[in-house]
Amino acid sequence: MKQAAAESPWPYRGAWLLCGLTFPLIWVGGLITTTDAGMAVPDWPGTYGYNLLLYPWQTWFFGPWDLFIEHGHRLLASLVGLLTIALLVIVRRSGEPRQVVRLAWIALGLVCLQGALGGFRVLLNARYLALVHGATGPLFFAVTVLLVAATRPTPARLLPATRSQRAPTLSQRGWLIAILPALVYTQLILGATLRHTPESSGAWAFALHVQAHLAMAAVVAVVALVVAFSEARAGRGRVAALLAAVLVGQISLGLATWVAKYRYPHWADPTTTLTAAAENAPLELPRLRGWAERMAPGTIQPPTAGGFTETTIVTAHSAIGSLLLALAVGRAAGLGVSTGRAGKSPPDGQDALAEAVRASETQASGPPQPPRRESSLLA
Amino acid sequence: MLGISRSAAGSIAWVAACLVGCGPATFQPNELLHSSQGLTAAQSEAIETVLLEIFGTPAEPRLPELLHATIDHNNLIRCAGEVISHEPGVTQGLYGRHCARCHGVTGDGQGPTALYQHPYPRDFRRGVFKWKSTYRDALPTISDLHTVLERGVPGAAMPSFRLLSTDERNALVDYVVYLTLRGQLERELVLLSVEELAEEELVTVATAEPLLASLSTAWTDTDRLVVNSSQPIQNLVDANLIAQGKELFHSELTGCAKCHGTNGAGLTPNVTASDRDYDLWDTERREILTASQTTDNPRLIAAAKRAFPPRPSWGRELTTVKRRGGDEPETLFRRLHQGIAGTTMPALGPLRPGQPAALSDPQIWALVAYVESLGISDEPSDEGSPHYAASAQEVP
């Protein structure tokens with residue numbers, strides 16, 4: 001590998017830009033599902049007969065809301081697709097290790113697949129393709145996180161390990177970190193099936209999906225909290241705090257999503273339990289009464305369909321799920337990595353999750369300036 | 001609790017449906033009604049054929065000539081089928097986009113999300129609506145349906161659709177009327193098959209048309225059946241009026257406190273399982289579930305297994321919660337006057353003009369004043385809405 005090429009900061013910057021743009025893209029995609037705006041533009045790849053890039057911006061910008069977000073999603077997705085191509089070119093020309101180039105190819109393949117899925121979802125007006133499209137987006141986001149980790153120009157860059165470099169065994173904690181991304185992704189798919197349940201589906205089928213989503217939420221929460229706890233004990237307090245905060249935020253958003261869309265279920269309605277409890281447990285009444293007065297579902301106004309609050313909560317729940325996946329993938333990337341010291345964990349605070357922490361801190365101030373690489377550990 | 005086996009079967013069916021492209025949505029027969037009335041497969045099939053002939057499918061609805069005065073065909077087209085826009089800002093498939101996930105494609109209140117909602121979403125097929133301005137047994141006015149769409153139902157999952165355009169709400173209201181008429185006609189045809197036709201005699205479109213004409217007329221007559229007070233709205237903060245209302249509330253004559261508790265606190269400490277009330281829809285479910293335990297009719301047993309669990313109705317607590325049907329004095333007056341259709345909340349006024357009643361209009365106003373004084377709702381108005389005051393004074 002050429003020394004000059006290996007020192008190029010552009011792969012890292014490009015990966016950062018790609019990752020940073022993919023998250024809002026996922027957010028907008030979730031917004032489209034929340035507002036059922038996926039068919040606001042009935043053709044593809046054009047927009048109402050126009051070339052995507054030549055659609056009159058006034059009509060787009062000042063037009064109906066669903067057109068605004070659907071066409072905006074397409075424009076942003078096109079930008080992400082072009083950036084992915086550019087990143088592949090950059091990593092190839094920069095002489096990056098083979099693993100990084102392979103990752104960039106995977107990203108390109110995924111983004112092409114994702115675009116095609118989105119297109120056929122429109123052309124066929126097929127809701128199940130919207131589900132697949134929604135499940136592929138977070139996968140691509142996770143790959144961009146891996147690209148950031150793999151192109152980081154430090155001695156502890158997190159390249160995917162080769163077979164010979166891979167650690168022979170994982171500790172119990174390591175296993176939990178390794179399976180967390182799979183658990184979170186499974187949960188994302190379960191959530192996507194809930195969001196995309198067809199209108200003609202049966203209520204009992206939907207109920208099964210709800211139960212599966214709740215059960216997997218419990219599993220993910222337990223595993224993520226154990227991982228966060230172990231990270232804290234290992235001295236990675238910031239990483240642990242971020243993981244726990246995103247998890248708690250996501251669970252809260254999940255509960256808020258349910259209440260925003262469906263209000264309280266029968267068994268959780270305090271006015272009902274209040275009255276039912278009166279039959280057998282009159283002594284419980286004062287306590288229930290207090291709860292009922294504060295939290296009774298009847299004390300809140302009906303939600304506004306398509307309103308800002310409901311839309312934001314539901315979409316945030318969808319998008320933060322992807323963020324949790326990204327964090328889990330980032331942390332797991334620190335397990336089977338090559339840092340020049342095969343089989344060992346990267347130095348404290350230098351793993352991909354820490355990278356994600358920095359991401360949230362530096363996103364507002366633009367792409368970070370990487371330190372000059374001293375050597376390429378896998379070259 | 002939910003039956004996992006039922007869920008699993010439904011889920012497998014859903015996954016299978018998805019694998020083959022989800023398939024077109026179809027109107028489902030009222031299986032509980034068909035099976036509980038002992039219809040043969042041929043009778044059910046004949047009814048479905050007639051309904052298909054008259055009303056079409058969810059993707060391609062039909063509007064018979066005699067419904068043109070009730071429903072705008074363009075509105076029907078706009079609500080039907082898959083969600084799609086063929087020009088910017090004009091969305092088709094409005095019912096699927098906004099309503100079907102709760103109310104179901106057929107309007108049976110059994111959409112995919114309905115099971116976990118409390119209360120269950122409205123089943124349109126009986127033509128019974130709770131929140132309306134008309135006499136208890138009458139259909140709601142078109143304006144009533146608009147009001148529910150705009151306001152939503154506090155405490156229930158029904159949201160406010162005030163962000164939709166007026167055109168879109170008009171279209172949705174027309175589609176709800178369409179689904180209601182379809183469900184009403186289905187019920188009439190089932191009863192006709194059971195009560196008047198021989199088993200081998202099947203219903204036809206010709207049989208159905210007079211029934212449909214009668215049902216359609218009922219929808220066009222609703223404005224005549226709006227309940228109006230015989231006197232203008234009262235001063236609802238008047239202490240004497242509130243005291244009178246309180247006395248009535250706790251009297252045997254009205255029986256309000258039996259369900260709503262002393263001072264409207266919603267406590268019913270003496271309620272036992274046998275005393276529990278069920279609304280119209282849950283009563284039907286209960287009866288069919290009970291019947292299914294002693295029958296060997298496999299169709300009825302299967303229908304009962306798929307039915308939602310019946311839930312008892314409770315008298316609403318009046319001190320802390322928003323009224324689901326609205327808090328305005330004139331709305332409360334009508335609710336006390338006619339009760340709530342489909343529930344055990346009785347009418348205190350006459351069920352038709354000129355009929356005897358438990359309370360006079362001034363007494364009902366006194367109850368309104370008392371109920372208003374209990375709630376957390378907006379401050380009661382001295383004069384009420386100008387619209388209502390004006391219309392009330394026109395009533396002789």
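Residues numbered from 1 in each chain as written. Chains lettered and ligands numbered in written order. Predicted model: local features only at pLDDT ≥ 70, side-chain atom pairs only at ≥ 80, totals over all residues. Heavy atoms only, no water.

Per an unreviewed UniProt entry, chain B is named Cytochrome c, and its organism is Botrimarina hoheduenensis.

Where an unreviewed UniProt entry is consulted, chain A appears under the name Heme A synthase, with the organism given as Botrimarina hoheduenensis. Of the comments in the UniProt record for chain A, the one headed Pathway (unreviewed entry) reads "Porphyrin-containing compound metabolism." Under the UniProt heading Subcellular location (unreviewed entry), the note attached to chain A is "Membrane". (UniProt positions renumbered as here; feature names shortened; annotations may be inferred.)

### A few points about the overall build of chain A
A tally of regular secondary structure across chain A gives 13 helices and two strands. Here chain A holds 379 residues, and the buried ones make up 55% of them. Partitioning the contacts of chain A with sequence separation of at least 6, the portion at a separation of at least 24 is 77%. A total of about 16700 Å² of accessible surface is found on chain A, and carbon and sulfur atoms cover 67% of it. (Helix = DSSP H or I, 4+ residues; strand = E, 2+ residues; numbered from the N terminus. Buried < 20%, exposed > 50% of the residue type's maximum accessible area, 1.4 Å probe, protein only. Contact = heavy atoms within 4.5 Å. Areas by Shrake-Rupley, 256 points an atom, 1.4 Å probe, with all protein chains shown as cover.)

### Let's talk about the packing of helix H2 (residues 10-34) of chain A against helix H4 (residues 65-93) of chain A
Residue and element names in this part refer to chain A. Relative orientation of the contacting elements H2 and H4 amounts to 160°, with a least axis distance of 9 Å. Here H4 runs roughly antiparallel to H2, going by the angle between their axes. Our pair here, H2 against H4, has a crossing hand that is left-handed. (Axes fitted to C-alpha atoms, helices over the stretch in contact; angles between N-to-C directions. Parallel < 35°, antiparallel > 145°, perpendicular 65-115°, else oblique. Left-handed = near helix turned anticlockwise from the far one by under 90°.)

### Quick notes on the nonpolar core
Phe55, Tyr95, Tyr175, Leu181 and Leu185 of chain B are the most contacted members of the largest nonpolar core, which has 53 residues in total. Among the secondary structure elements, those contributing two or more residues to this core are helix H3 (41-55), helix H4 (73-79), helix H5 (94-98), helix H7 (142-151), helix H8 (166-195) and helix H9 (205-220) of chain B. Ranked by residues supplied to this core, first place goes to H8 of chain B with 13 residues. Setting aside anything within four residues of it in sequence, one finds Leu181 of chain B in contact with Phe55, Leu67, Ile71, Leu212, Leu215, Ser216 and Trp219 of chain B. Judged by nonpolar contacts, the second largest core, of 32 residues, contains Tyr12, Leu83, Leu110 and Ala150 of chain A. (Core = buried A, V, L, I, M, F, W, Y, C linked by side-chain atoms within 4.5 Å.)

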